[in-house]
Amino acid sequence: MKSLKELKELRESLQKDMSARDNTDKPKIIIGMGTCGIAAGARNILKAVLVEIEKRELDVNVTQTGCIGMCEKEPLLDIKLPGKDRITYGNLEEKDVKKIIIEHVINGNMVEELAIARFEEGGE
Amino acid sequence: MNHSIYRSHVLICTGTGCVSSGANTLKTSLVDALEKHDLVGEIKVVDTGCHGFCEKGPIMIVYPEGVFYCQVSGEDVEDIVEEHLLKGRIVDRLLFKEPLTEESIPAYQDIDFYKKQQRIVLANCGKINPESINEYIAVGGYEAAGKAITEMTAEEVIEEVKNSGLRGRGGGGFPTGLKWDFTRKAAGDKKYVICNADEGDPGAFMDRSLLEGDPHRIIEGMIISAYAIGADEGYVYVRAEYPLAIKRLQIAIDQAEELGLLGDNLFSSDFSFNLHIKKGAGAFVCGEETALMASIEGQRGMPRPKPPFPANKGLWGKPTNINNVETFGNVPFIIKEGAGAYSSVGTEKSTGTKVFALTGKINNTGLVEVPMGISLREIIYDIGGGLNQGKKFKAVQTGGPSGGCITAEYLDLPIDYDSLIEVGAMMGSGGMVVMDESTCMVDVARFFLNFTQSESCGKCTPCREGTKRMLEILNRICDGEGKEGDIELLLELGEQIKDTSLCGLGQTAPNPVLSTVQYFRDEYEAHINDKSCPANVCEGMASAYIIDEDTCVGCGMCTKVCPVDAISGKPKEAYVIDEALCISCGACESKCPVSAISQG
């Protein structure tokens, strides 16, 4: 370790490994992983999400939720940006994931054609 | 699938407490289950140090949700993996339930045990993997050392520590900055820094948990201290009976050396620092600084008179700064966040926080860190969850064998160094033993004196002979053979030993006796005058049990459990206890279905 600057750079490169342990004020991606979701392919959606996050080095939390009653629309995926409404996307295929991540998580614009519901802030 | 990013981190506490309640088996089952469900690349399993809530171990925290599971066993793993990690459904039955409301609480920040705590020293304990320097660096570790070495002069570091108001956490409460200043100003080109981890008070485990849970923080504190006083070598004196702490500290030292955070020319400066571990054999007296240094030098661990103080003449005759584990644990925060941020916590004369090991007759046993000035009531009832089985609070013993008792009338006393001394107790290193109405205070005093007497090194007469005589008197009182004048004799001896002993061990050994006499003199008098132990603890004095013949249904259950065959009678008639044979063990009382048995 030659300098404080070098140490701080090392810290920044290591911080992403700890990202999952910080759940404050971060975009959340929530995947419907009830039996219905899994049957409809939610595991592959989840894996696709992880691939995108890693590729784009995003600092987000990925969590799962159980069945919310819209089984015919599974797989479902919710995006909750800090301070924004929670948006639910349904009938997803793996290829949709990339679009949602780029448009919604990164650029902050809801993907209208895939969205099926909106929950107001605090209504999680 | 192999990601470098994990969507979820599962933290398992592998401190000594949780390991003894089965954390290692739990971890093996979890790793197996993750493999079975093809989740290995998505979910990371992390060993951490102590979360403090040892009572509820093994403890597991699942991130990003931050769900706190307690008393998790190998059989629960399948549920956690299938329900929570796969489907996102929290396993309700493993959540912590508040004892009073029976309410399940998923996030640990919301549990009463954690709510009133303020974690500075323990900030990383239970949050990072203590065997990974990368995790320590990821949370900002070693940046305080870097800042001190590259941006501050040694004098500025000392000034900052002085301004923070930090006082020695080993128990004495001496201002840390002043101690560093003395050592810096002492003449000599070779100086040492020592970390005193010879934690020996019965019921205390603060230093062990800190070394197990966040060893890099202690190393960083020592680096800063060494830089400030001009030392290039240091020792951590830790007892051999802390194998996990030693193992993790050694790993941490090796990692720091590899990254160039220990060794020569740190941060390209001309400051060098090397650190060694010295294992102690577990003698209590080696917690005394001069005895500790004698032990490092390879001599018999015995104290010597002070002055000269270690700051002038310490290890191998060189100026030496010696601080407790927790004291060093505070230093990185002070340097990084500033003296003002630190002194804004706590009281005017006792700044910052204090770590306590909460044990005894209390619901939530564990390790807690609270701001100075908090009341005992908050620690015992809000954090500690009150007393076992709703029993009545009698006293709390702080400072271990050197300390004293605080009684119910002082429950609202703000806890700091000076207030505790005023009421005849002391901060000590942080052991806090809670006692209820079923505790005999004479017996407690005897327990601690027996401890110090056994640990007396024998060098000076007052401690060697004096504690022995005091113990004889206490044994006599507890055996029902106390004489009039015994209390006065104890007080006289105690004061003499305090005034004339060579080191801190002897100077404080009488404290548990003096303090219990001060607050519970009536219990001593009952033992001596009435030959009775009010708490029914002292054997040979507890009165025999009797059976109420009107209530007895003659079931005979009591005869089956009596270990000395003192109960006789015929079925369906009232049974009788032979008082001469009864040893007052109480086995019959707990077995009687109609509560006909009580102590006479």
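Report follows, based on the coordinates. (Residues numbered from 1 in each chain as written. Chains lettered and ligands numbered in written order. Predicted model: local features only at pLDDT ≥ 70, side-chain atom pairs only at ≥ 80, totals over all residues.)

### With respect to the overall build of chain A
Now for step 1: Counting its secondary structure elements, chain A contains 4 helices and 5 strands.
Now for step 2: Over its C-alpha atoms, taken along the principal directions, chain A stretches across nearly 60 × 30 × 25 Å.
Now for step 3: Looking at chain A residue by residue over its 124 residues, the buried ones come to 32%.
Now for step 4: Looking at chain A alone, contacts between residues at least 24 apart form 69% of all its contacts between residues at least 6 apart. (Helix = DSSP H or I, 4+ residues; strand = E, 2+ residues; numbered from the N terminus. Buried ≥ 20, exposed ≤ 12 C-beta atoms within 10 Å, placed from the backbone. Contact = placed C-beta atoms within 7 Å.)

### Remarks on the packing of helix α9 (residues 206-213) of chain B against helix α11 (residues 243-258) of chain B
Residue and element names in this part refer to chain B.
Now for step 1: Contact geometry for α9 and α11: axes closest at 8 Å, N-to-C directions at 35°. The hand of the α9/α11 crossing is left-handed. For the pair α9 and α11, the contacting residues are Arg208, Leu211 and Glu212 in the first and Leu244, Ala245, Arg248 and Leu249 in the second.
Now for step 2: Here the contact of α9 with α11 is built from residues that sort into 4 nonpolar, no polar and 3 charged. (Axes fitted to C-alpha atoms, helices over the stretch in contact; angles between N-to-C directions. Left-handed = near helix turned anticlockwise from the far one by under 90°. Nonpolar A, V, L, I, M, F, W, Y, C, P; charged D, E, K, R; others polar.)

### Concerning unusual backbone geometry
Residue and element names in this part refer to chain B.
Now for step 1: A cis amide bond links tyrosine 63 to the next residue, proline 64, at an omega of 15°.
Now for step 2: Mapped onto the fold, proline 64 is located in the loop between β3 (60-63) and β4 (67-69).
Now for step 3: Following proline 307, the chain continues to proline 308 via a peptide bond in cis, the omega torsion being 5°.
Now for step 4: Unusually for a residue other than glycine, lysine 531 sits at a positive phi of about 50°.
Now for step 5: Residue lysine 531 is classed as partly exposed on the basis of its 16 C-beta neighbours within 10 Å.
Now for step 6: Despite not being glycine, serine 584 shows a phi value in the positive range, around 60°.
Now for step 7: Structurally, serine 584 is set in the loop between β18 (576-577) and α23 (587-591).

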